Amino acid sequence: MRYTVPDYYKKFKCLASDCPATCCAGWQIMIDDKSLKKYAGCPGIFGSRLANSVDWEEGCFKQYHGRCAFLNEENLCDIHLEKGANFLCRTCRRYPKHVEVYENEREISLSLSCPMVARLLLSKTDRAQFFTTEKEVVDAIERKGSKKQLLQWEKNPEEESDDDFDEFLYSALQDCRSVLIAMAQNRNEALNLRMAKILSLAHDVQNRIDSRQLFDTENVLERYQREGADTALARKLIWFLLVNEEFCGSDDKHRADSDYLSVQWRVLDYLRDFEVLDPRWVPDLQRWRKALYGEGPAVYLEKKKRFLKAASAWETEYEQLLVYFLFVYFCGAVYDGDALRKAKMAVTSIRILKELAFAQWILAGEKLTQEDRAELAWRYARELEHSDPNLNAMERMMEEWKESDFEVQLLMLLAEM
């Protein structure tokens, strides 16, 4: 078994009671069958508490006012305090570890929905690296008890071998993702140009997948990495921007601004179709939209220019987030054959986070701390990543919404450069 982990993986340390958003509240915590049996057989007073605090029919912990029944007033887990870490269910032992399953490989990341992980990512100034190792090496860098967890990951019934797994496609996606991440980390270019190039490469690879010419993917990647390819592609993208009359008619600036805004205003609409996990999400979304669009297009555009200038100092943070989304989701295209949709979702997530940051920047008097940006990141990730309906909705929107079209995404990115 091979495992791939990011270089910041072993730096994680739970904030425990100091966490601004405990992972033991706000969503249903499912209990695996093995832990349910263990809890059912627990003797004594604590066993009685378990019996009364577990929804045995649903297989989850009961909640009181949105908080797990075992989350105490100090925001600490009474199960962990009473019985130790090994008595926790699989969900609680793992989080914020996130595992993507690919035949004989496991990719282990840290979920952005955790405030500490968001802080780790946004404070990281060097380029993220990923290491692929055998299990024994991963065991060595894990904390106590993790060897047992890794063995459990291998034995989970939902992670059994898939006879239809396409190894050739998976290998091509891995190679493509490596190039995409290298593009994302090219700090000699503006982030929007990097994202435009990521979409362009994913678009070309998707064409090979759709036309069943996967063997040609290697040539596509080689072309994008060839000396001078960056300059040639950058010129091509700028040309694409200049000749597109719908967004950039030089004889009608008002029309160009109107076209830009008509698409930009729809960015946050992606979030309106989400299943709501945090009750604060909907009122905050309304507050953000009012801050952005409540004073009309002219004021929006004027403030946006100032914001983009301020946000240029945060490009490394958004680079880390972009790499995160590419690493976690891109190779999932092995199961549905849609690599472009995964790249779109990564880029769209950055666009959404920047728009949320813009709104919060306005509300905070045109200033925003790194902690503020980290909070926006983990709150967005909680809504997206902890709901299968929301992940599915995002994937559908990447395919069905006009604002998610490859060409529209390119134009929006280039228009802000």
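Conventions adopted
Within every chain, residues take consecutive numbers counted from 1 along the sequence as written. Residue-level local features of this predicted model are given only where pLDDT is at least 70; pairs of side-chain atoms are given and counted only at 80 or more, and the full residue set underlies all totals for whole chains, interfaces and linings. Hydrogens are left out, water is left out, and the side-chain values use all remaining heavy atoms of the structure. Cysteine sulfur atoms that pair up within 2.5 Å are treated as a disulfide. In this scheme, a residue with accessible area under 20% of its type's maximum is buried, one over 50% is exposed, and one in between is partly exposed, where area comes from a 1.4 Å probe on protein chains only. Pairing between strands is defined by DSSP: at least two bridges between the two strands are required. Helix numbering and strand numbering both begin at the N terminus, where a helix is a DSSP run of H or I of at least 4 residues and a strand a DSSP run of E of at least 2. Only the contacting stretch of a helix is used when fitting its axis, a line to C-alpha atoms as for every element, and angles between N-to-C directions run 0 to 180 degrees. Residues counted as positive are Lys and Arg, residues counted as negative are Asp and Glu, and His and the chain ends are not counted. Whenever a carboxyl oxygen of Asp or Glu lies within 4 Å of a side-chain nitrogen of Lys or Arg, that contact is scored as a salt bridge. In protein, a polar contact requires one atom able to donate a hydrogen and another able to accept it; more generally it is a pair of N or O atoms within 3.5 Å, and residues adjacent in sequence count only if both atoms are side-chain atoms. By the convention used here, residues are in contact when the closest approach between their heavy atoms is within 4.5 Å. Relative orientations are named as follows: roughly parallel for angles under 35 degrees, roughly antiparallel for angles over 145 degrees, roughly perpendicular for angles from 65 to 115 degrees, and oblique for any other angle. Here a crossing is called left-handed whenever its near helix is offset anticlockwise from the far helix by less than a right angle, and right-handed whenever the offset is clockwise. Under this grouping Gly is polar, as are all residues other than the nonpolar Ala, Val, Leu, Ile, Met, Phe, Trp, Tyr, Cys and Pro and the charged Asp, Glu, Lys and Arg. Multiplying 1.5 Å by the residue count of a helix minus one yields the expected span of that helix. Residues belong to a common nonpolar core when they are buried Ala, Val, Leu, Ile, Met, Phe, Trp, Tyr or Cys residues joined through side-chain atoms within 4.5 Å.

K.L.:
Looking at this model, I keep getting lost on the state of the cysteines. Mind explaining?
P.N.:
A disulfide bridge is the covalent bond that connects two cysteines by way of their sulfur atoms. Tallying each qualifying case throughout the model produces zero disulfides. Free of any disulfide, Cys-77 has its nearest neighbouring cysteine sulfur in Cys-24, separated by 5.7 Å. In this structure Cys-89 is not part of a disulfide, and its nearest cysteine sulfur, from Cys-92, lies 3.6 Å away. Exposure remark for Cys-89: the relative accessible area of 1% places this residue in the buried category.

K.L.:
For this particular structure, what's the right way to read the sheet that holds strand β1 (residues 2-6)?
P.N.:
Through backbone hydrogen bonds, the strands of a sheet pair up, either in parallel or in antiparallel fashion. Pairing is mixed in the open sheet, where four strands are placed in the order β6-β7-β1-β8. Looking along the sheet, the strands with just one partner apiece sit at the ends: β6 (97-102) and β8 (130-134). Taken pair by pair, the neighbouring strands of this sheet meet at an average axis angle of 25°, ignoring direction. Alignment of β1 against β8, held across five bridges, turns out to be antiparallel. Its bridge partner lying in β8, Arg-2 is registered against Glu-134.

K.L.:
Help me understand the side chain of Asp-32 in this model?
P.N.:
In this fold, Asp-32 is placed in the loop between β1 and α1 (33-40). Although Asp-32 is buried, it makes no salt bridge; Arg-90 carries the closest opposite charge, 4.2 Å away. In this structure the side chain of Asp-32 is engaged in a polar contact, spanning 2.9 Å, whose partner is the side chain of Ser-35. Residues in contact with Asp-32, not counting those within four places in the same chain, are Cys-89 and Arg-90.

K.L.:
Can you walk me through the packing of helix α18 (residues 339-363) against helix α19 (residues 370-385) in this structure?
P.N.:
For any two helices packed against each other, one specifies the inter-axial angle together with the distance between the axes. Their axes nearest at 10 Å, the elements α18 and α19 cross at an angle of 130°. The orientation of α18 relative to α19 falls into the category oblique. For the pair α18 and α19, the crossing hand works out as right-handed. Side by side, α18 and α19 meet where Ser-349, Ile-352, Leu-353, Leu-356, Ala-357 and Gln-360 of the first sit next to Leu-376, Ala-377, Tyr-380 and Leu-384 of the second. Here the contact of α18 with α19 is composed, by residue class, of eight nonpolar, two polar and no charged.

K.L.:
Looking at this structure, how should I read the pairing of strand β7 (residues 105-110)?
P.N.:
On a regular strand, each side chain points to the face opposite its neighbour's, so the side chains alternate between the two faces of the sheet. With six of its six residues buried, β7 lies for the most part within the structure. Here β7 shows no split at all, with Glu-105, Glu-107 and Ser-109 on one side and Arg-106, Ile-108 and Leu-110 on the other all buried. In the sheet, β6 pairs with β7 via six bridges, with the strands oriented antiparallel. When the sheet's bridge partners are listed, Lys-97 is paired in β7 with Leu-110.

K.L.:
Can you walk me through helix α17 (residues 315-329) in this structure?
P.N.:
One full turn of an α-helix is made of 3.6 residues, so residues set three or four places apart face in the same direction. Look at α17: 21 Å from first C-alpha to last across 15 residues, which is about the 21 Å you get at 1.5 Å a residue. Within α17, 13 of the 15 residues are buried, which leaves it mostly tucked inside the rest of the structure.

K.L.:
What am I meant to see in the pattern of salt bridges here?
P.N.:
A side chain with one charge can pair with a side chain of the opposite charge if their charged atoms come near. A complete count under the given rule lists 32 salt bridges for this structure. Arg-2 serves as the salt-bridge partner of Glu-105, at 3.6 Å between the closest nitrogen and oxygen. Remark: Arg-2 occurs in strand β1 and Glu-105 occurs in strand β7; sequence separation between them is 103 residues. With relative accessibility at 38%, the residue Arg-2 sits in the partly exposed group. A salt bridge links Arg-289 to Asp-269, with the nearest nitrogen and oxygen atoms 2.9 Å apart. Separated by 20 residues along the polypeptide, Arg-289 in helix α15 (residues 281-293) and Asp-269 in helix α14 (residues 269-272) bring together distant segments of the chain. Taken together, the salt bridges that share partners define one network made up of Asp-336, Asp-338, Arg-341, Lys-342, Glu-395 and Glu-399.

K.L.:
Which parts of the structure should I look at to understand the packing of α18 against helix α20 (residues 388-400)?
P.N.:
At a minimum axis distance of 9 Å, the contact between α18 and α20 shows a crossing angle of 100°. It follows that α18 is roughly perpendicular to α20 by the angle criterion. Contacts between α18 and α20 involve Arg-341, Lys-342, Lys-344, Met-345, Thr-348 and Ile-352 from the former and Leu-391, Met-394, Glu-395, Met-398 and Glu-399 from the latter.

K.L.:
Please clarify how the nonpolar core should be interpreted in this entry.
P.N.:
Where a protein is soluble and globular, its nonpolar side chains tend to be buried together. Judged by nonpolar contacts, the single largest core of 135 residues is most densely connected at Phe-61, Leu-201, Leu-322 and Phe-325. When residues in this core are grouped by element, the largest group, 15 residues, is from α18. Every residue in contact with Phe-61, bar those within four places of it in the chain, is listed here: Ile-29, Ile-31, Tyr-39, Ser-53, Val-54, Cys-68, Phe-70, Ile-79, Cys-89 and Cys-92.

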